[in-house]
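An overview of the molecular structure
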Amino acid sequence: MTSRLMFRVLGALVAFTVLARIPVGFDVGFKFDAALAVIWAFGLLSLVLLTGYVGQISLCQATFAGVGAYTAGMMVSSLHVDYLVAVIAGVVVAFALGVIVGLPALRLRGITLAIVTLGIALVFDRYIFQDHAFEWFTGGTAGWRVGQATMFGVRMDSSAHLMAAYLVLLALFCLVALLLVNLHESGAGRRFRAIRDSELAAATMGVNLTRYKLLAFGMSAAIAGMGGAFYPLVAGSVSPQPFWLFTSLQFAAIAVLMGVRYVPAAALGGAFMAFVPDVLTRYGHGTFMGHAYEISYDWFQIAVGVLLIVQLITLPDGVWGDLRSRVHHAWSAVGAVGGRKVKVA
Amino acid sequence: MTMLRVRDLTVRFGGIVALDKVSLDLNRGEILGLIGPNGAGKTTLFNCISGVVRPDTGSIYFDTHSLTYAPVHERARLGVARTFQNLQLWGSMTVEENLIVPMDALGKRNTFSDALYLPFSGFAERASQERARAILHVLDLDRYARTIAGDLPAGIQRRVELARALAMRPRLVLLDEPAAGLDAQETAHLAEVLHAVRQRFHVSMLLVDHDMSLVMRVCDYVYVLDFGKMLARGEPSAIRNDPKVIAAYLGEESKKLTGEVQTVATAKRDERPLLEVSKLAAGYGGLEVIRDINLTVRPGEVVACIGANGAGKTTTLRAISGMIHPRAGRVMFAGKDVTGSTAERISKRGLIHIPEGRGLFPNLSVEDTLRLVSNTAGREVDISPAFKLFPKLRERRNQLVGTLSGGEQQMVALARAILSDPRLVMIDEMSQGLAPTVVRQLFEIIRVFRDEGIAVLLVEQFVESALDVADRAYVFEHGTIGLSGPAVELRSDRKLVAGSYLGTAVDAAAIASANGNGHRVDPALMEIVSVRVPAKVKRALEQRAETENRPAGAVVVELLEKVDHQ
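It should be emphasised that the depicted structure is a prediction, and the values quoted were computed from it without experimental measurement.

**Comments concerning the overall build of chain A**
Scanning chain A for helices and strands turns up 15 helices and four strands. Over its C-alpha atoms chain A spans a radius of gyration of 21 Å, differing by no more than 12% from the 20 Å that the globule rule assigns to 345 residues. With respect to the principal axes defined by its C-alpha atoms, chain A has extents near 60 × 55 × 45 Å. Classification of the 345 residues of chain A by burial places 50% in the buried group. At a minimum sequence separation of 6, the contacts of chain A that also span at least 24 residues come to 77%.

**Focus on the overall build of chain B**
On a plain count of helices and strands, chain B comes out with 25 helices and 20 strands. Scored against the burial criterion, the 566 residues of chain B give a buried share of 49%. Taking contacts inside chain B between residues at least 6 apart in sequence as the whole, the part at least 24 apart equals 69%.

**Describing unusual backbone geometry**
All names here are of chain B. A positive phi angle is found at R169, which is not glycine, with a value near 50 degrees. Positionally, R169 belongs in the loop between helix 6 (154-166) and strand 7 (172-176). Assessed through the 14 C-beta atoms surrounding it within 10 Å, R169 is described here as partly exposed. Despite not being glycine, D421 shows a phi value in the positive range, around 55 degrees. Structurally, the position occupied by D421 is in the loop between helix 17 (406-419) and strand 17 (424-428). Accessibility expressed as a C-beta count within 10 Å gives 14 for D421, which makes it partly exposed.

**A word on helix 12 (residues 313-321) of chain B**
What sets the pattern is the α-helix's 3.6 residues per turn: residues three or four places apart point alike. Residue and element names in this part refer to chain B. The element helix 12 is largely enclosed, with a buried count of nine among its nine residues. Those residues of helix 12 that fall on the buried side of the exposure criterion are K313, T314, T315, T316, L317, R318, A319, I320 and S321. Positioned one or two residues after helix 12, G322 has a phi angle of 85 degrees, which is positive.

**Describing the pairing of strand 3 (residues 285-288) of chain A**
All names here are of chain A. Where strand 3 lies against strand 4 (residues 291-294), four bridges are found, and the strand directions are antiparallel. Paired with G286 across the strands is Y293, a residue of strand 4. Hairpin connection between strand 3 and strand 4: a loop of two residues separates the two successive antiparallel strands, and M289 in this loop has a positive phi of roughly 50 degrees.

**Structural notes on the sheet that holds strand 2 (residues 16-27) of chain B**
Residue and element names in this part refer to chain B. Read across the open sheet, the four strands follow the order 2-1-4-5; overall the sheet is antiparallel. Since the sheet does not close on itself, it has two edges, and those belong to strand 2 and strand 5 (65-66), each with one partner. Here eight bridges tie strand 1 (residues 2-13) to strand 2, and the two strands are oriented antiparallel to one another. Its bridge partner being in strand 2, L4 is matched across the sheet by L26.

**Overview of the pairing of strand 13 (residues 302-307) of chain B**
All names here are of chain B. Buried residues dominate strand 13, accounting for six of its six residues. A two-sided burial pattern is seen for strand 13, the buried positions comprising V302, A304 and I306 on one face and V303, C305 and G307 on the other. The pairing of strand 13 with strand 18 (residues 455-459) spans four bridges and is classified as parallel. The residue bridging V303 from the neighbouring strand is L457, located in strand 18. Strand direction decides the pairing type here: strand 13 and strand 19 (residues 472-477), joined by five bridges, are parallel. In the strand pairing of strand 19, V303 is matched with R472.

**Some words on the interface of chain A and chain B**
Residue-level contacts link 25 residues of chain A with 30 residues of chain B. Looking at the side of chain A that touches chain B, the elements with two or more residues in it are helix 7 (162-185), helix 8 (187-197), helix 9 (199-204) and helix 10 (209-229) of chain A. Ranked by residues supplied to the side of chain A that touches chain B, first place goes to helix 8 of chain A with eight residues.

**Overview of the nonpolar core**
Among the nonpolar cores identified, the biggest contains 197 residues, and A:A35, A:L45, A:V48 and B:L207 are the most heavily contacted of them. A total of 17 residues in this core trace back to one element, the largest contributor, which is helix 2 (residues 28-53) of chain A. Those residues in contact with A:A35 that lie beyond four places of it in its chain are A:L162, A:A165, A:Y166, A:L169 and A:V234. Of all hydrophobic cores here, the second largest spans 71 residues; its members include B:V373, B:M426, B:F449 and B:V459.

**Quick notes on the sheet that holds strand 20 (residues 480-486) of chain B**
All names here are of chain B. Reading across from one edge, 16-17-18-13-19-20 is the order of the six strands in this open sheet, with mixed pairing throughout. Each having just a single partner strand, strand 16 (351-354) and strand 20 make up the two edges of the open sheet. The average angle at which neighbouring strand axes cross in this sheet is 15 degrees, direction not considered. Where strand 16 and strand 17 come together, four bridges link them in parallel fashion. Looking at the pairing, H353 lines up with M426 of strand 17. Packed on one face of the sheet, helix 12 meets strand 13, strand 16, strand 17, strand 18 and strand 19 and runs near 145 degrees to strand 17.

**Regarding the packing of helix 2 of chain A against helix 7 of chain A**
Residues and elements named next belong to chain A. Orientation of helix 2 relative to helix 7, taken along the N-to-C sense of each, is 20 degrees, at an axis distance of 10 Å. Judged by the angle between their axes, helix 2 and helix 7 are roughly parallel. The crossing of helix 2 and helix 7 is left-handed. Split by residue class, the contact of helix 2 with helix 7 holds 22 nonpolar, one polar and one charged.

**Overview of the confidence of the model for chain B**
Residue and element names in this part refer to chain B. Per-residue confidence for chain B gives a mean pLDDT of 78; residues scoring 70 or more make up 78%. Per-element averaging of pLDDT across chain B places helix 22 (residues 508-515) at the bottom with 36 and strand 4 (residues 57-62) at the top with 92. In the predicted structure, residues 503-532 sits below a pLDDT of 50 and forms 75 contacts with residues beyond four places in sequence or in another chain. Overall fold confidence (pTM) sits at 0.71, and the ipTM for the predicted complex is 0.81.

**Looking at helix 14 (residues 297-314) of chain A**
In this model helix 14 of chain A runs 26 Å from its N-terminal to its C-terminal C-alpha over 18 residues, within 8% of the 26 Å that 1.5 Å per residue would give. The element helix 14 of chain A is largely exposed, with a buried count of one among its 18 residues.

**Topic: the confidence of the model for chain A**
Residues and elements named next belong to chain A. Overall, the prediction assigns chain A a mean pLDDT of 87, with 95% of residues at 70 or greater. When pLDDT is averaged over each helix and strand of chain A, the minimum, 73, is found for strand 2 (residues 154-155) and the maximum, 95, for helix 10. Overall, residues 339-345 carries pLDDT values under 50, and its contacts beyond four positions in sequence, including any with other chains, amount to nine contacts.

**Re the environment of B:A127**
Among the structural elements, B:A127 can be located in helix 5 (residues 119-138). Sequence separation of B:A127 and B:M216 is 89 residues, and the distance between their C-alpha atoms is 38 Å.

**Here we look at the packing of helix 2 of chain A against helix 12 (residues 245-258) of chain A**
Two numbers describe a pair of packed helices, the interaxial angle and the distance between the axes. All names here are of chain A. As a packed pair, helix 2 and helix 12 sit with axes 9 Å apart at the nearest point and diverge in direction by 70 degrees. Taken together, the axes of helix 2 and helix 12 are roughly perpendicular relative to one another. Considering only the axes of helix 2 and helix 12, their crossing is right-handed. Where helix 2 approaches helix 12, its residues G43, L44, L47, V48 and T51 are matched on the opposing element by F251, A252, I254 and A255. Its residues placed into classes, the contact of helix 2 with helix 12 shows seven nonpolar, two polar and no charged.

**Regarding the environment of B:V463**
For B:V463, the location among the structural elements is in helix 19 (residues 463-469). Once the C-alpha coordinates of B:V463 and B:C305 are considered, the two residues, 158 residues apart in sequence, prove to be 9.0 Å apart.

The rules behind these values
Positions within a chain are numbered from 1, following the residues in the order the chain's sequence is written. Key to labels: chains lettered from A, ligands numbered from 1, both in the order written. Given that this is a predicted model, residues contribute local features only at a pLDDT of at least 70 and side-chain atom pairs are listed and counted only at 80 or more, while totals for whole chains, interfaces and linings are drawn from all residues. Elements are defined by DSSP. Helices are runs of H or I of four residues or more, strands are runs of E of two residues or more, and each kind is numbered from the N terminus. The globule rule is 2.2 Å times the number of residues to the power 0.38, and the radius of gyration it is compared with is taken over C-alpha atoms. In this scheme the burial state of a residue depends on its C-beta neighbours within 10 Å: 20 or more other such atoms mean buried, 12 or fewer mean exposed, and anything in between means partly exposed; the C-beta positions come from the backbone. Each residue gets a C-beta atom placed from its backbone, and two residues are in contact if those atoms lie within 7 Å. By definition, two strands form a pair when at least two bridges between them are found by DSSP. Here, a nonpolar core means buried Ala, Val, Leu, Ile, Met, Phe, Trp, Tyr and Cys residues linked by C-beta atoms lying within 7 Å of one another. Whenever a helix is involved, its axis is fitted only over the stretch in contact; in every case the axis is a line through C-alpha atoms, and angles between N-to-C directions fall within 0 to 180 degrees. Each angle receives one of four descriptions, namely roughly parallel if under 35 degrees, roughly antiparallel if over 145, roughly perpendicular if within 65 to 115, and oblique otherwise. Note: crossing handedness is left-handed where the near helix turns anticlockwise from the far helix by less than a right angle, and right-handed where it turns clockwise. Three residue categories are used. Nonpolar comprises Ala, Val, Leu, Ile, Met, Phe, Trp, Tyr, Cys and Pro, charged comprises Asp, Glu, Lys and Arg, and polar comprises the others, including Gly. What pLDDT expresses is the predictor's confidence in each residue, scored from 0 to 100. Helices are assigned an expected span. That span is 1.5 Å times one less than the residue count.

Following this line, the structure appears as structure tokens:
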């Protein structure tokens, strides 16, 4: 057990060091993408917990991230607190909202729960993030501008110190991801999975459904909110657009595409969500055989749809899930030939 | 010492009274059986005790705690565990993990310390693992500890469910149809396991099952429910011979003389069969429910399928009509191979299936429902013949089907079937939930079907009424056909059929023939019965035969006659 834990800690450290080096040397645009990728990865990670582990459907994860973002933006811009405090506040508010959203999930499941969460996403998108009545929270149409922010006394803000923000984000992501992997194998994780496999059996075997479902929604929202809370820092301001309804739907689609039950799939999906549209808009225009062409952001959405269909047919457990099991097979075949069994966590 | 006390429990679903002032006592260390025919309210009572259904009035006490309105997980904490009829294991986890969940759901463990892998969590984890191994060992499941539960065959999964229930350190285990889907041998093994479990884990059990052989084998005391009321209670041996119980299971004994029913002319018998099923096998998921089913229906013939619940009758109909895909075997209808064809194609050939629950649209009016036939048939159909057959429906032609009584709904289903001009109608549990007088009316209609030259394949719980109307019958047992023959013969041999339902001690008939004392015994019957009778009963019979110094067969036949006379 402990050797497994060591293996995981090691894996997280390696992932951190490798990923931390990647954006070095690229322009600000790509550095921004890298930071954004981690923010989206938090959103996807929240679905790994909620959908992958507990089997609950949510189509309002971007709302949780948005609430985290606005809370952090408000704290920094109007109260001028340390950014760490702002992040904590964002996480706490998102957790609270998650528990509230979890309440209908005590009674609903499947498609009805999806509709309810979709409604919540719509309400927040239209009537809170974009409404005058909530200007104290959203900073009005201009949104909060986060020009200067410090964390642990170190300056980190969008233009000049983007790498610092990226490193903090990445470190946090690796930590949360590690905790989630641990959680999967632990007692609480088993109770979560028990709810996913059969709620009825879980309840009869003494699992307190109310408590664990609310906990799952709260924790999931907190994870999404944690990512969102860094958004003002990375982008320099908050606006409703990144956290609108469509992002929530995209979270769900990409989480399934990459493998909703696997933690590393969240990182993969985050990178996919942040880099692919940018690369498309940067290099997606020119002339080909005399014809001018332009690939816009719309193409990304179409591509996601097509990929999702292809994935559901060919890789039902998601890109990461199926590749992982294939590697496992190959690995155990190698182990059998070599005469020794190798265990992969 | 009463452990579980149920007092005057009443449950209503809409207008239906599912349980009517039912009381029940379970003593410490007892295995209590709860039986009754379909729709008797067993499951409702079970669900009240396990907390899935809330009773309208009445009370449930477990020791000194009131369970009446306690939340489900609270019951687990008090020591009430349960298993599920439709396996509810956590399929993506290993067997061991399945056992550990209830163990530490009851111990207070912290989500965050678990995620952080604090040492405390590690110790608790190891302790749970050891206990899980111990339980698995007792149930002879050691080698599956690391297997993913969803990959196991159904029989093993049932045992894992039991193991999981025991992992909660319960004092009372509620078993919901533990023998469903098991064959005779597995059922016998299960009975042994249950006895071992009681001895080893000091638990009491409440067992709900249709499989009488299991109930008779393991239970100390049996309660019988019928139409939501407590019909009888007593020791298994007394229950088995209780005429009220036999009547509840087999329907009222018919008072008609056998000669009154006309059977299909012999000339017809030589005709080519309309429906020919050979070696059919089908099931759901990991469960194979039926195997090796061979049956035929000739044109214009009424054939009944009878047998205890869970014997595979409904599944057979579904496999024939294309609602589920057969796994093996062949279905020939009107000279064409329709195996695995889609349901709508089969129905176009003139094979109509009226499913259990009638398959009606509650929000359509009677007239619209009947008119719908013409649309699906692709041509306009005159619906007046239906009203001629069922004058009552003409009065209610504008009423919504959902607001009709059960009997009237069944009439609509039958009328709809007859309008589509079928050659064979399969009716599943026509009399379910209906009062006996209504049932009698409906069976009259089956005769009308026959007069019109339409063949009928009936699945029925009420054996007597079914045999009254049928030409031939098949008796289903544990997923195969145990016995078949002309209805007249089966009817006169009531105890044969009773044997298939109640696991009656008819098996002694087998002994009788072995002793060669001249009593005629059907070899097919012997086969059914030999797997059905508990060793204890058999031994008692042999003992009695020895003291009375006569062949065991004679004793048995005498006993059976007594049962019949009661």
